[in-house]
Amino acid sequence: MRRDPQTLRGALKILDWPTPDNLDGALDRLPDLLKAATPFERAELVAAAHTVIVVSSYLEAMSTMPLTPPGPKLLSLSVPVPSAAIGFDEHSLWFTAWCFRAAGTEGMNGPLVSRDSVAQTHSLYVARYLELAASVPEFRLWARTEEGPATTQGMARLEILLRRVLARTGKPRDLRHVLSRRNQAELDRPIMLARTESGPADLCFPRLDDIHLNPRYRICLTSPGNLDRPGDERWWDGQPVRHDLDVCLAVHLLTAEAAERPLLLLGHPGAGKSLLTKVLAARLPPEAYTVVRVPLRAVPANGRILQQIQSALDIATNDAVQWRPLVEQSLDTTRIVLLDGLDELLRATPDDRTGYLHEVSEFQANELAQDRPAIVVVTSRTVVADRIDIPHGTTVIKLEAFDDAQVEAWLAEWNRANTAAIVAGTVRALSPAAALRRPELSRQPLLLLMLALYAADPSVPELEHDVSITELYRRLFDVFAAREVDNRADPPHPYARTEAVRQLLDRLSTAALAMFNRGRQDITGAELAADLVNLGMARVDVLGDSAPGRRLLGEFFFVHVAEATNRDATHRAYEFLHATFGEYLVARRVLDVLVETAERAFGGRYGPYEPDDDLLFALLSHQSLATSPPTLEFIRDQYFGLPERDRRDIPRLLSVLMSGYRSRRPSARHAGYRPLPIDHARAMAAYSANLVLLSTAFATSVPLAQLLPEAEDLNASWSSTVNLWRAALDPAGWQATIRMVMRTGDALARAPWPEDFPNDVLHADLTADLALLRTLNYGHAATGSLVSPPGSSWSDAIIIALLPVLLSPVPAGAVIRLIESTAGVDPEEVRKGVSFVWRVLRTRTVRLEFDDWCEVIDWTLRVASSDELDLDVVASLVAGEPRFLHEMRRLCDPSLYHGSLAARLRLRAAAAAADPDPKVVELAGALTFDDLPEGWDALDPAELGRLLRILRPPRDPIPVAVVRHPWQPTETDYLA
């Protein structure tokens, strides 16, 4: 049974100390024990020593309290130890929590364990820690004070640190020597083999050892509760970026826990995961570590871990090394197994291997139980991390993109390796400034290599500062496709070269459409082969894509080819190194098919023909293009670069196809192309949505009559189309589509709506269902979601903005900033809107400051007229605060109050009050009362005031909403 160095009982056994008394004495023999230990035994001894200093510090600090010597529970209480994921500083928090757990274990009275006693425990711990750090370098590594020479290249510092810590000499023996030489040979290999399509003939590829840079990274330790989301980029944003991956890996390899659970290394395609495993295998000192690198794409996907390790050894050493004899010869070292490409294994097997990391942990447990500890590192794409079961306590590292300094360092080595050819003019250098203009490409190592290869050819255009991303991608794909064609064993005749390049790019585009139409970021070889055959782009015999060596897409840099072997067959999956590559290629293929279809329909000598849209329908009847906004932008950019004739004919084609999409006759030509299961309603919905999206992408405004010229009821026909989208598209496709199209009257336009606009409101607006739109707007306003799309009238906009004032409390002192402009608004709309504002002020208790009331009154007089003022409210204001008459001369006009007897009576009563303001007296004296009811003129002013208070009680101050405009409100605030 394994001795646990993190418990005091296990630590004392490891240190060969018989009793828990005199714990500091248990460390006296530590130097001698370390000298004779294997790397894993050393890791256990160091962890045991750490446990002893934690417990001894705790016991010393608590010695003044009623505490007995360590009891059974304290002997078994696990002590946290620093690790790669938990540095010395973070460990202090764990240490504090441990002290309170220890006190509870010993049955101490809680209040006696104070913060001061914990702080004293920590001080004693730090003193003992520093004392051990003077002679045990692992303690310095945990605290990041043993960092070795500063270098960012090739994990050289990792090798130096491990040699310094382990201080082992001699060469590996026998099988270990064979494996070690094979691993170290990788450092001398160029980062890729020179090939004709790679670039100019004089191009030189740097050695891996010279150009590999230590990646930046983020790190976490998984914990129970399922709160960790290592497959989510946004979750990783909460983890700090670090720059010492070599030191981090050294700490991990020197920790005993590393032999219990795998380390999971994540990164995007092209981030350098596989290269890092090669460098690790070469850099780890062979006298201390026996390293086996297992490319999971090349071993049986359904095999057990041992079978996969043995298969990798057979491939790497030509059957010269067997695992079991290798283990027996390397018992004085720690085995390191690097399992590279878990994502590829998962895609290659139909079996469920989501528990693969648990299988790895079980393998490690079995090896450890036989005193043959093994440390395992598993690499995978980041996006796959949420689809695998990660054991709790697993250290997870995510590789980060290059920063500016790393881009400069990488290019400096690239240009240095090609100095002679650059001077001779046969190779062109790539400057950091030019590369960093495209950060989406230059910050991933493999994509940076692609840029360098493109720029190296002096015959291709340079990466200008102002070149668009669409034009850059066109150049990249054209150049690399041409190089690929030229490198074929049987290259085409020069006159056929252009067509061969086009066919290759069509295959790439078909792969991109295969992913888009399936709603995925990857595609299996079998799926791609079937699509090529059913679209008439390949023979039936390519369906055997699992045959060894077959690659439907060539060796393109743009494509990551995942491979794994399952039941003696090689399965492949394809994924673009960057999502925008696929988006560009989808746009390229869609526009090419539009051009070809329009040419056949309108380019003939004998007049237009009915468009043959079989291929277009096959490609665009599965997903809405709105789910990929960058694709639509690429289509727009390429469209506006077309000849004038094409730009004239394509909108015409789209109108013809849209007008007849309901009565379109099915064709069997591409019936076998089925990225998704057959769904005729979805096909009509997706096709019509894409025709509309393309139409609005190519024009500022598209009349509905142009899209539906034969509709008897234009609005009904259009509404049924929009309702079809809602019924047949998946929720994501429907929502994306209605957010991309705006209706203004009887025309459509592009309109990417904000994310917070309710979908049902946008749907009603698009169908011009004004009654439903008003109902939805009022309903959303009542619940606090204030929206006002173009279908809303001016008065509706005000009502929507003020509804929350009536239905929910707003802080006293809020201010109305109402719509300023009424230009072009129907006077009746203005009257309705202003009337509602004053209705709100009358029916709700309001408290507005003096300046706020002045603003409301002034606004009403500016946008409407004095007839729209609530004169009774104004009179109450003037009576209570005569300052209104001093600041707003318009209120001193007696004729203003002519239409309201109640207002005049209120002012008359105010003038008769004790010590009235002269302005109030002057105004009241100028008022006329010809319409006073019989007998009222005899009332005393004080009696009149009491009557008015009974008829219309004074109001408590009320809250008011705030809206900023032009006439269509874009946001509504509530100001405290």
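Residues numbered from 1 in each chain as written. Predicted model: local features only at pLDDT ≥ 70, side-chain atom pairs only at ≥ 80, totals over all residues. Heavy atoms only, no water.

## A closer look at the overall build of the protein chain
Put simply, the rule reads: Secondary structure is summarised from DSSP: a helix means a run of H or I of at least four residues, a strand means a run of E of at least two, and numbering begins at the N terminus for each. In this description, contact between two residues means that some pair of their heavy atoms is separated by no more than 4.5 Å. For the accessible areas, the method is Shrake-Rupley and the probe is 1.4 Å, while residue cover comes only from the protein chains on display.
A tally of regular secondary structure across the protein chain gives 43 helices and 14 strands. Contacts spanning at least 24 positions in sequence make up 73% of the contacts within the protein chain whose residues lie at least 6 apart. When the accessible surface of the protein chain is totalled, it reaches about 42000 Å², and 52% of it is carbon and sulfur.

## Here's the deal with the sheet that holds strand E11 (residues 741-744)
Here is the rule: The rule for pairing is simple: two strands pair if DSSP sees at least two bridges between them. Between N-to-C directions, angles span 0 to 180 degrees; the directions come from axes that are lines fitted to C-alpha atoms, helices contributing only their stretch in contact.
The strand order across the open sheet formed by three strands is E10-E12-E11, and the pairing between neighbours is antiparallel. Unpaired on one side and paired on the other, strand E10 (702-703) and E11 mark the two borders of the sheet. Relative to strand E12 (residues 747-750), E11 is paired through four bridges, and the arrangement is antiparallel. Residue pairing across strands places Val 741 opposite Arg 750, the latter belonging to E12. Along the sheet, helix H30 (residues 680-698) makes contact with E10, E11 and E12, crossing E12 at roughly 75°.

## Structural notes on helix H23 (residues 469-486)
Here is the rule we go by: By this rule, a helix spans an expected 1.5 Å times one less than how many residues it contains. Three labels apply to residues, based on accessible area from a 1.4 Å probe with only protein chains included: buried if under 20% of the type maximum, exposed if over 50%, partly exposed otherwise in between.
For H23, built from 18 residues, the straight-helix expectation of 26 Å at 1.5 Å per residue is met to within 8% by its first-to-last C-alpha distance of 26 Å. The buried fraction of H23 is high, at 13 of 18 residues.

## A closer look at the environment of Arg 381
Mapped onto the secondary structure, Arg 381 falls in strand E5 (residues 374-381). With a relative accessible area of 4%, Arg 381 lands in the buried category. Residues Arg 381 and Leu 342, 39 residues apart in the sequence, show an inter-C-alpha distance of 7.9 Å. Discounting residues that sit within four places of it in the chain, Arg 381 has contacts with Leu 266, Gly 267, Pro 269, Lys 273, Asp 343, Arg 347, Asp 522 and Glu 575.

## Here's the deal with the sheet that holds strand E4 (residues 334-340)
Sheet architecture is open: six strands sit in the order E1-E6-E2-E5-E4-E3, paired in mixed fashion. At either margin of the open sheet sits one strand with a lone partner, and together these are strand E1 (217-221) and strand E3 (289-295). Neighbour-to-neighbour, the strand axes of the sheet open up by a mean angle of 20°, direction not taken into account.

## Looking at the packing of aromatic side chains
Definition in use: The criterion for an aromatic pair is that two Phe, Tyr or Trp rings (for Trp, the six-membered ring) have centres within 6.5 Å, with stacked assigned to planes under 30 degrees apart, edge-to-face to planes over 60 apart and tilted to the rest.
Counted under the stated rule, the structure contains 17 aromatic pairs. Ring geometry for Trp 235 against Trp 236: centres 5.0 Å apart, planes inclined by 75°, an arrangement best described as edge-to-face. Per residue, the accessibility class of Trp 235 equals that of Trp 236, and both read buried. Summarising the aromatic geometry, the rings of Phe 477 and Tyr 584 are spaced 5.5 Å apart at their centres and angled 10° between planes, so their arrangement reads as stacked. Here Tyr 584 lies in helix H26 (residues 579-602) and Phe 477 lies in helix H23, a separation of 107 residues in the sequence. Of the two residues examined, Phe 477 and Tyr 584, each falls in the buried class. Pairwise contacts between aromatic rings join Tyr 473, Phe 477, Phe 581, Tyr 584 and Phe 634 into one cluster.

## Digging into empty space enclosed by the protein
Spelled out, the test is: A cavity here means a set of points on a 1 Å grid, drawn over the protein atoms and nothing else, where a 1.4 Å probe fits but cannot get out; a pocket is an open set with protein on both sides within 12 Å along at least five of seven lines, and a residue lines either one if it has an atom within 4 Å of a point. Grid points are joined across faces, edges and corners, and a volume is the space filled by probe spheres set on the points.
Under the counting rule described, the total for this entry stands at seven cavities of 30 Å³ or more. Empty space within the largest cavity amounts to approximately 100 Å³. Lining of the largest cavity is provided by 13 residues; of these, Ser 180, Asn 183, Pro 286, Tyr 289 and Val 291 occupy positions nearest its centre. Mapped by element, the contributors of at least two residues to the lining of the largest cavity are helix H9 (174-184), helix H13 (273-283) and E3.

## Here's the deal with the packing of H23 against H26
The condition that has to hold: An angle counts as roughly parallel when it lies under 35 degrees, as roughly antiparallel when it exceeds 145, as roughly perpendicular when it falls between 65 and 115, and as oblique in every other case. In this classification, the charged set is Asp, Glu, Lys and Arg, the nonpolar set is Ala, Val, Leu, Ile, Met, Phe, Trp, Tyr, Cys and Pro, and all remaining amino acids, among them Gly, are polar.
Orientation of H23 relative to H26, taken along the N-to-C sense of each, is 90°, at an axis distance of 11 Å. The orientation of H23 relative to H26 falls into the category roughly perpendicular. Contacts between H23 and H26 involve Thr 470, Tyr 473, Arg 474 and Phe 477 from the first element and Thr 580, Phe 581, Tyr 584 and Leu 585 from the second. Grouping the constituent residues of the contact of H23 with H26 by class yields five nonpolar, two polar and one charged.

## Some thoughts on the pattern of salt bridges
Pairing between side chains of opposite charge can happen when their charged atoms approach one another. Here is the rule: Just to be clear on terms, a salt bridge is a Lys or Arg side-chain nitrogen sitting within 4 Å of an Asp or Glu carboxyl oxygen.
A complete count under the given rule lists 51 salt bridges for this structure. With its nearest N and O atoms 3.4 Å apart, the salt bridge here joins Arg 381 to Asp 343. Placement of the pair is Arg 381 in strand E5 and Asp 343 in helix H16 (residues 342-348), with a sequence separation of 38 residues. The residue Asp 457 makes a salt bridge to Arg 483 at a minimum N-O spacing of 3.6 Å. Here the residue Asp 457 occupies a position in the loop between helix H22 (445-456) and H23, and Arg 483 occupies one in helix H23, the gap between them amounting to 26 residues. Taken as a pair, Asp 457 and Arg 483 share a single burial class, namely buried. One network of salt bridges, with partners in common, ties together Glu 499, Arg 502, Asp 506, Arg 588, Arg 589 and Asp 592.

## Notes on the pairing of E3
Taking burial as the measure, the seven residues of E3 include seven buried ones, the bulk of the element. In E3, alternate side chains face the same way, and those of Tyr 289, Val 291, Arg 293 and Pro 295 on one face and Thr 290, Val 292 and Val 294 on the other are all buried. By the bridge criterion, seven bridges tie E3 to E4 in an arrangement that is parallel. When the bridges of E4 are listed, Arg 293 appears paired with Leu 338.

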